[in-house]
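Structure at a glance
The chain contents come next:
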Amino acid sequence: MTYAATGGLSDPVFRLVYRSHSRIPGEDRPVTLAEILRGARSANARAGITGALLITDNWFVQALEGDESTVRALYERIRQDARHENVTLIESGSQDARVFSQWAMAQVSASGQADIPLEATEGEGVIRPAAATEPLTREQTAVLRAMRNCIGADVL
Ligand SMILES: Cc1cc2nc3c(=O)[nH]c(=O)nc-3n(C[C@H](O)[C@H](O)[C@H](O)COP(=O)(O)O)c2cc1C
């Protein structure tokens, strides 16, 4: 599958944001979270999905961008995942363009730092380290702020 088939990286796109409560025990977190991110990045790169995953001790907030049916199917799969619960849809709809077009799945923290430059997607299935100095765009900042606001009470 190519981005041409799934919606180009700069074409209108469907974005879905949900929040969920982590069920991963504290001692398992580093390994399990690394597994989730590794799997998500390679599967998302193949499926033309981009996005960001905000992780705190107790919560996940994830933005998924791509072709609508692909994003909805992935969301249904993620909803069934026993590693989290109380999966709640925050927003979904068409957007003018991808906000996380460089990231098959960026990991972001709740602290508000510009911490998403982790791994960027370079075409289909190819992942390269993103430059640590790439500044966030206004759109990225706005979406990340909205994601962080979903769990505001938890992180204050
Ligand atoms: C918080 C969270 C986020 C996830 N994000 C993704 C993702 O972006 N892409 C993905 O393919 N799988 C993601 N997964 C993993 C899926 O839930 C699922 O395990 C994976 O798609 C494999 O599904 P399958 O076993 O039905 O093939 C995530 C899981 C969790 C708990």
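Here goes a summary of the coordinates provided. Everything numeric here is computed off the predicted structure, so don't read it as measured data. (Residues numbered from 1 in each chain as written. Predicted model: local features only at pLDDT ≥ 70, side-chain atom pairs only at ≥ 80, totals over all residues. Heavy atoms only, no water.)

Some thoughts on the site of the ligand
Neighbouring the ligand are 15 residues; Asn44, Gln62, Arg77, Asp81 and Arg83 lie closest to it. Within the side chain of Asp81, an N or O atom sits 2.6 Å from an oxygen atom of the ligand. Coverage of the ligand by the protein chains reaches 72% of its 610 Å² of free accessible surface. Assessed atom by atom at 2 Å from the grid points, the ligand resides in the largest pocket. Listing elements by their share of the shell around the ligand, those giving two or more residues are helix H2 (29-47), strand E3 (59-66) and helix H3 (68-79). The residue makeup of the shell around the ligand, split by class, is nine nonpolar, three polar and three charged. (Near = heavy atom within 4 Å. Polar contact = N/O pair within 3.5 Å; in protein donor to acceptor, adjacent residues only side chain to side chain. Areas by Shrake-Rupley, 256 points an atom, 1.4 Å probe, with all protein chains shown as cover. 1 Å grid on protein atoms, 1.4 Å probe; cavity = no way out; pocket = protein on both sides within 12 Å on 5 of 7 lines; lining within 4 Å. Sits in = over half its atoms within 2 Å of the grid points. Helix = DSSP H or I, 4+ residues; strand = E, 2+ residues; numbered from the N terminus. Nonpolar A, V, L, I, M, F, W, Y, C, P; charged D, E, K, R; others polar.)

A short note on the layout of surface pockets
The computed volume of the largest pocket comes to approximately 340 Å³. Lining the largest pocket are 16 residues; nearest its centre among them are Ile36, Ala40, Ile78, Asp81 and Arg83. Within the residue set of the lining of the largest pocket, elements represented by two or more residues are H2, E3 and H3. No other element matches H2, which puts six residues into the lining of the largest pocket. Counted by class, the lining of the largest pocket contains eight nonpolar, four polar and four charged residues. (Points joined across faces, edges and corners; volume = space filled by probe spheres on them.)

Quick look at the pairing of strand E1 (residues 13-22)
Of all ten residues making up E1, eight are buried, and the element is well covered by its neighbours. When E1 meets strand E4 (residues 84-95), the two strands line up antiparallel, connected through nine bridges. Bridged to Val13 within E4 is Gln95. Relative to E3, E1 runs antiparallel, the two being bridged by eight bridges. By the bridge assignment for E3, Ser20 is matched with Phe60. (Buried < 20%, exposed > 50% of the residue type's maximum accessible area, 1.4 Å probe, protein only. Pairing = 2+ DSSP bridges.)

Let's talk about the packing of aromatic side chains
What the rule picks out here adds up to one aromatic pair. Aromatic pair Tyr18 and Tyr75: ring centres 5.6 Å apart, planes at 40 degrees, arrangement tilted. In this pair, Tyr18 is assigned in strand E1 and Tyr75 in helix H3, connecting sequence segments 57 residues apart. Take Tyr18: its relative accessible area is 2%, and that puts it in the buried class. Here Arg19 stacks its cationic end above the ring of Trp59, 5.2 Å away from the centre of that ring. (Phe/Tyr/Trp six-rings, centres within 6.5 Å; stacked < 30°, edge-to-face > 60°. Lys NZ or Arg CZ within 6 Å of the ring centre and 35° of its normal.)

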